[in-house]
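One letter stands for each residue in the lines below.
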Amino acid sequence: MNSRNGSSLFFLSAIALLVAFYFARPVFIPLVLAAYLAVLLDPTVCALERVGLTRTLGTAVVVSMFLLFVGVVGWVLVDAVSVLGARMPEYGEAVRGIVQSVQVRFDSFGRSAAVIEHTFEGVQRVRIVDDYSAFSPTLMSGVGSLFSTLGIAVFVPLLLYYLLAEKPNIKESINTLIGRFSYIPKLDREIPHATRVFFVGNLIGAIALVATHIALFELFGLERPLALGLTSGILNLLPIIGIPASLTLPFLQGLLQFSDPWPFAALALSVAILHFVIGNLVIPRFVGRRANINTTALILGILFWGWLWGPVGFLLAVPLTSTLKTLLESSDRTALFANLLAARPRSLRRPAAQRRAAIS
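All values reported here derive from a predicted model rather than from experimental measurement.

Reading the values: the criteria
Residues numbered from 1 in each chain as written. Predicted model: local features only at pLDDT ≥ 70, side-chain atom pairs only at ≥ 80, totals over all residues. Heavy atoms only, no water. Helix = DSSP H or I, 4+ residues; strand = E, 2+ residues; numbered from the N terminus. Buried < 20%, exposed > 50% of the residue type's maximum accessible area, 1.4 Å probe, protein only. Contact = heavy atoms within 4.5 Å. Areas by Shrake-Rupley, 256 points an atom, 1.4 Å probe, with all protein chains shown as cover. Core = buried A, V, L, I, M, F, W, Y, C linked by side-chain atoms within 4.5 Å. Axes fitted to C-alpha atoms, helices over the stretch in contact; angles between N-to-C directions. Parallel < 35°, antiparallel > 145°, perpendicular 65-115°, else oblique. Nonpolar A, V, L, I, M, F, W, Y, C, P; charged D, E, K, R; others polar. Patch = residues over 30% accessible without salt bridge, like charges linked within 9 Å, V, L, I, M, F, W, Y side chains within 5 Å. Salt bridge = Lys/Arg side-chain N within 4 Å of Asp/Glu carboxyl O. pLDDT = per-residue confidence, 0-100. Left-handed = near helix turned anticlockwise from the far one by under 90°. Phe/Tyr/Trp six-rings, centres within 6.5 Å; stacked < 30°, edge-to-face > 60°.

### Focus: the overall build of the chain
Along the chain, the regular secondary structure elements total 15 helices and 0 strands. The 360 residues of the chain split such that 31% are buried. Relative to all contacts within the chain whose residues are 6 or more apart in sequence, the contacts with residues 24 or more apart total 69%. If you sum the accessible surface of the chain, you get close to 22900 Å²; carbon and sulfur atoms cover 69% of it.

What follows is the structure, given as structure tokens:
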């Protein structure tokens, strides 16, 4: 009876937590981002402590250097995107030219569509206009997006500083809270290590993709290979949609330079090969098999976290799913669910000697 009550309490708590994660996204997204960053930067703070700095001063130094790094990287990315954005009118003209050529080839179909459109225009005589109902959702959506962006920009650095500065107290409080349900040494060991190897592996993968994309676009003779390689290389790191996302800008640039379809095919094949090599050989070499998540669970995790937290959830789907699996593994009650996510499920059956001892 106690076991049944415990299971019911677990599922109710999980549902309540899911509801809170969804409806309090502006609160949890900055908190989770700051927590992952704190895990990544904590070894540097500890190193500064060992050389004589207080934890507060070491945290201030590390956070300041990190924000400077983010600012420099952000400036480089914005500069690259602005360079490509200046050519968007030319890209639009090229796309319109292709669309017009297709329309000419299917002129009969175009005339039929025009007749149908004209017919519907004649039928539509009544229009119901509700300015408030049309404008209000758009306004609220914009306000919500703005609030989320400001929350990330303002509160993530603040939360990062205090999570690092007050780590010993926060860690003790969390261990006291969940120590009754989970095996704390496993959480303290595996979650930080898996998070660091994931982000370091993806950073190495991003550098490799940017460098190889720049060389590839230079080889194909595309203009502005540095800007194209920087943006496409980073986009190619995205799971599932990396290849089509990274090909968008090079294809638009190719429309201005190429008239033959073969360069586009060769470009797509080359980018796909880079995506496969970096994503399946280079990154796993650094990340290893630490995550131990099967492909089906990973895809479902990307869909789930993307639905729950939008773009941030999509980008953090792998570490979030890995963290969830580690949390499930740390308790005997939920280890079975962790096995459903694992690429290499572990046996949950006890040895015969242990079963006999338990029975006796």
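Next comes the rest of the account.
### Observations concerning the nonpolar core
Core analysis: the biggest nonpolar cluster contains 27 residues, and Leu160, Leu164, Trp309 and Leu320 have the highest contact counts within it. Those elements that place two or more of their residues in this core are helix 2 (25-50), helix 3 (55-85), helix 6 (131-165), helix 12 (295-315) and helix 13 (317-329). The leading source of residues in this core is helix 2, at 9 residues. If sequence neighbours within four positions are ignored, leucine 320 has contacts with Val32, Tyr36, Trp305 and Trp309. Counting 21 residues, the second largest nonpolar core, distinct from the first, contains Leu84, Leu222, Phe264 and Leu267.

### Observations concerning the environment of threonine 248
Mapped onto the elements of the fold, threonine 248 is located in helix 10 (residues 242-257). For threonine 248, a relative accessible area of 42% translates into the label partly exposed. With 16 residues separating them along the chain, threonine 248 and serine 232 place their C-alpha atoms 8.2 Å apart.

### As for the packing of helix 9 (residues 225-235) against helix 10
Where helix 9 meets helix 10, the closest approach of the two axes is 7 Å, and the angle between their N-to-C directions is 160 degrees. With respect to helix 10, the axis of helix 9 lies roughly antiparallel. Facing Leu228, Thr231, Ser232 and Leu235 of helix 9, the residues of helix 10 in contact are Gly242, Ala245, Ser246, Leu249, Pro250 and Gln253. When its residues are assigned to classes, the contact of helix 9 with helix 10 shows 5 nonpolar, 5 polar and no charged.

### Description of a nonpolar patch on the surface
A surface patch of nonpolar side chains, amounting to about 680 Å² of accessible area, comprises Leu57, Val61, Met65, Leu68, Val72, Trp75 and Val76. Along the chain, valine 61 falls in helix 3.

### Some thoughts on the environment of glycine 221
Residue position: glycine 221 is located in the loop between helix 8 (184-220) and helix 9. Exposure remark for glycine 221: the relative accessible area of 43% places this residue in the partly exposed category. In the structure, glycine 221 is positioned 36 residues away from glutamine 257 in sequence and 8.9 Å away in space, judged by C-alpha atoms.

### Here's the deal with the side chain of serine 232
Position of serine 232 among the secondary structure elements: in helix 9. Apart from residues no more than four positions distant in its own chain, serine 232 is found in contact with His213, Phe217, Ser246 and Pro250.

### Re the confidence of the model for the chain
With 78% of its residues at a pLDDT of 70 or more, the chain has an overall mean of 78. Helix 2 holds the highest mean pLDDT among the elements of the chain, 92, whereas helix 15 (residues 352-359) holds the lowest, 42. Throughout residues 128-144 the model reports pLDDT below 50, and contacts reaching past four residues in sequence, or to other chains, amount to 1 contact.

### Section: the packing of helix 8 against helix 9
Two elements in contact, helix 8 and helix 9, have axes separated by 8 Å at closest approach and are oriented at 135 degrees. Relative to helix 9, the element helix 8 lies oblique. For the pair helix 8 and helix 9, the sense of crossing is right-handed. Side by side, helix 8 and helix 9 meet where Leu209, Val210, His213, Ile214, Phe217 and Glu218 of the first sit next to Pro225, Leu226, Leu228, Gly229, Leu230, Ser232, Gly233 and Ile234 of the second. Each residue belonging to the contact of helix 8 with helix 9 can be placed in one class, and the counts come to 9 nonpolar, 4 polar and 1 charged.

### Re the environment of alanine 60
Positionally, alanine 60 belongs in helix 3. A C-alpha to C-alpha distance of 8.4 Å links alanine 60 and alanine 165, two positions 105 residues apart in sequence.

### What about the packing of aromatic side chains?
Summed over the entire model, instances satisfying the criterion amount to 12 aromatic pairs. Geometrically, the ring pair formed by phenylalanine 198 and phenylalanine 199 is edge-to-face, given 5.2 Å between the ring centres and 85 degrees between the ring planes. Geometrically, the ring pair formed by phenylalanine 304 and tryptophan 307 is tilted, given 5.9 Å between the ring centres and 45 degrees between the ring planes. Taken as a pair, phenylalanine 304 and tryptophan 307 lie in helix 12 at a separation of 3 residues, close to a single helical turn.

### A word on unusual backbone geometry
The phi dihedral of arginine 224 falls on the positive side, at around 55 degrees, and the residue is not glycine. With respect to the helices and strands, the residue arginine 224 is situated in the loop between helix 8 and helix 9.

### Comments concerning the side chain of glutamate 329
The residue glutamate 329 is located in helix 13 in this model. Note on glutamate 329: relative accessible area 14%, which makes it buried. Apart from residues no more than four positions distant in its own chain, glutamate 329 is found in contact with Lys186, Glu190, Ala338 and Arg346.

### Structural notes on the pattern of salt bridges
In this structure the tally under the stated criterion is 6 salt bridges. Glutamate 49 is paired through a salt bridge with arginine 55; the nearest N and O atoms lie 2.8 Å apart. The exposure class of glutamate 49 is partly exposed, given its relative accessible area of 34%. One salt bridge connects arginine 224 with glutamate 223, and the closest N-O pair in it is separated by 3.9 Å.

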